[in-house]
Amino acid sequence: MNIKAPLIAIGLALSLFQSTAHAQSPADLNDLEISHVAYTADNIDIRYAHLALAISQNPAIREFAATMIRDHTAVNEQALALLKKLGAQAQDNSLSQALQANSKKIIDEMSKLRGTEFDKYYAGNELAYHKAVNDLVENSFIPNIENAEVKSLFMAGLEIFKAHENHAATMVGKLK
Amino acid sequence: MTASSRRLFMTKAAVAYATAVFAPGVATLAWASQATPQEHHIEIKRFKFHPEKLEIKPGDTIIWTNRDIVPHTASATDKSWDTGKLKRGESKSILVTADMSVDYFCRYHPKMKASLNLIVKK
């Protein structure tokens, strides 16, 4: 379990969008559905971070988790403010639901781990999750978003999440 | 000495007097302006400090302003000073001292680094 755990996490994260074959294609989503997916993805990462703060004793993991809560909360607040300004509401969709279902599996797996096993799993999952979400945002969402302000927020968000991916890669390297 | 040559002499004398009297004053003013404490602005934007390097001297003030969506800090690498959490649009100023630590980073995003070039006259 201790060796396989991070690999399982990475596998789950990478298959996150492949397992949504029955769900809508990301390219078919409208701006409000895309906003819902992003909001959901932010909240999932916040939940992972809360779990890390509850279990991990590693200062680097705890600092990273605190940053994930701080940053994803700030981005979601910005997204909600923009939707309010536009007089719109994010729309739930099958991709958001698939994300939620996958995150439950990962949380179940992580909850069983302690110590270094947990830290490696969490760090590996953060790297894989940010890679997967960044790829989705950069290559599927941003090219298809129609509203200029929504697109601009996603571009700013992508920069933030790429910084997280970079930070997670360093964390994974240090835990080897 | 004709009237015109007298006027020319008087003009040259006036210029010489003015140069002798006021030129040191100009130099003093220039020196004073260099010694006057200055205010420097550093913007935090797109996960970078702008400028990443800044020349400062004791008595100056540095003001960091966060333009990003997410919070940042400007924190000395040796922990001797810290702006604390800067939310979007927030600013914090720090007075430059002669022994100020010059390398700093964002505590939330450790890959964000910058430095100050502290000039101390001896």
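Please read these numbers as outputs of a predicted model, since none were measured by experiment.

J.: Explanation requested: the overall build of chain B in the structure shown.
T.: When helices and strands are tallied, chain B shows 1 helix and 8 strands. Moving toward the C terminus, one meets the helices and strands of chain B in the order α-β-β-β-β-β-β-β-β. Here chain B, with 122 residues, has 33% of them falling under the buried criterion. Summarising the internal contacts of chain B: among those between residues at least 6 apart in sequence, 49% fall at separations of at least 24. Summed over its atoms, the accessible surface of chain B is roughly 7,900 Å², and 60% of this surface lies on carbon and sulfur atoms.

J.: Would you take a moment to explain the overall build of chain A for this structure?
T.: When you go through chain A residue by residue, the secondary structure sums to 6 helices and 0 strands. Seen in sequence order, chain A has helices and strands lined up from the N terminus as α-α-α-α-α-α. Within chain A, the fraction of its 176 residues that count as buried is 49%. By element, 55% of the accessible surface of chain A is carried by carbon and sulfur atoms, the whole surface being about 8,200 Å².

J.: Please clarify how the sheet that holds strand β4 (residues 61-66) of chain B should be interpreted in this entry.
T.: Think of a sheet as strands paired side by side through backbone hydrogen bonds, with each pair either parallel or antiparallel. All names here are of chain B. Here we have 4 strands laid out as an open sheet, ordered β2-β1-β4-β6, and mixed in their pairing. Only two strands of the sheet have a single partner each, and these edge strands are β2 (48-50) and β6 (91-95). Ignoring which end each strand starts from, the neighbouring axes of this sheet average 25° apart. Relative to β6, β4 runs antiparallel, the two being bridged by 5 bridges.

J.: Help me understand the sheet that holds strand β7 (residues 103-105) of chain B in this model?
T.: All names here are of chain B. An order of β3-β8-β7-β5 is seen for the 4 strands of this open sheet, with the pairing classed as mixed. The strands lining the two open edges of the sheet, one partner per strand, are β3 (53-56) and β5 (75-76). Here 2 bridges tie β5 to β7, and the two strands are oriented antiparallel to one another. Residue pairing for β7: A76 is matched across the bridge by Y104.

J.: What is the right way to read the pairing of β4(B) from this model?
T.: All names here are of chain B. Extensive coverage of β4 is indicated by the burial of 5 of its 6 residues. In this structure, strand β1 (residues 39-45) lies alongside β4, joined through 6 bridges in parallel fashion. By the bridge assignment, E39 is partnered in β4 with T61.

J.: Before we go on, may I ask you to explain the interface of chain B and chain A in this structure?
T.: Quoted interface sizes are often the accessible area lost when the parts come together. With 11 residues of chain B in contact, the opposing surface of chain A contributes 15 residues. Roughly 1,200 Å² of surface becomes buried between chain B and chain A when both sides are summed, with 64% attributable to carbon and sulfur atoms. Taken as a group, B:I69, B:Y108 and B:K111 account for 45% of the area that chain B buries against chain A, more than any other trio of residues on that side. Across the contact surface, chain B and chain A share 1 salt bridge. Among the ionic pairs, B:R46 bridges to A:E159, the shortest N-O distance being 2.6 Å. For the side of chain B that touches chain A, the per-class residue count stands at 6 nonpolar, 1 polar and 4 charged.

J.: Would you take a moment to explain the side chain of A:D31 for this structure?
T.: Residues and elements named next belong to chain A. Within the secondary structure, D31 is located in helix α2 (residues 31-55). Within the structure, D31 has its side chain in polar contact with the backbone nitrogen of E146 (distance 3.0 Å). Apart from residues lying up to four places away in sequence, D31 is in contact with N144, I145, E146 and N147.

J.: Got a minute to help me understand helix α5 (residues 115-141) of chain A in this structure?
T.: At 3.6 residues per turn, the α-helix brings residues three or four places apart onto the same side. Compared with the 39 Å implied by 1.5 Å per residue over 27 residues, the 37 Å span of α5(A) between its first and last C-alpha is a close match. Taken across its 27 residues, α5(A) has 19 buried, putting it largely inside the fold.

What counts and how
- Residues numbered from 1 in each chain as written.
- Chains lettered and ligands numbered in written order.
- Predicted model: local features only at pLDDT ≥ 70, side-chain atom pairs only at ≥ 80, totals over all residues.
- Heavy atoms only, no water.
- Helix = DSSP H or I, 4+ residues; strand = E, 2+ residues; numbered from the N terminus.
- Buried < 20%, exposed > 50% of the residue type's maximum accessible area, 1.4 Å probe, protein only.
- Contact = heavy atoms within 4.5 Å.
- Areas by Shrake-Rupley, 256 points an atom, 1.4 Å probe, with all protein chains shown as cover.
- Pairing = 2+ DSSP bridges.
- Axes fitted to C-alpha atoms, helices over the stretch in contact; angles between N-to-C directions.
- Buried area = accessible area lost by both parts, 1.4 Å probe.
- Salt bridge = Lys/Arg side-chain N within 4 Å of Asp/Glu carboxyl O.
- Nonpolar A, V, L, I, M, F, W, Y, C, P; charged D, E, K, R; others polar.
- Polar contact = N/O pair within 3.5 Å; in protein donor to acceptor, adjacent residues only side chain to side chain.
- Expected span 1.5 Å × (residues − 1).

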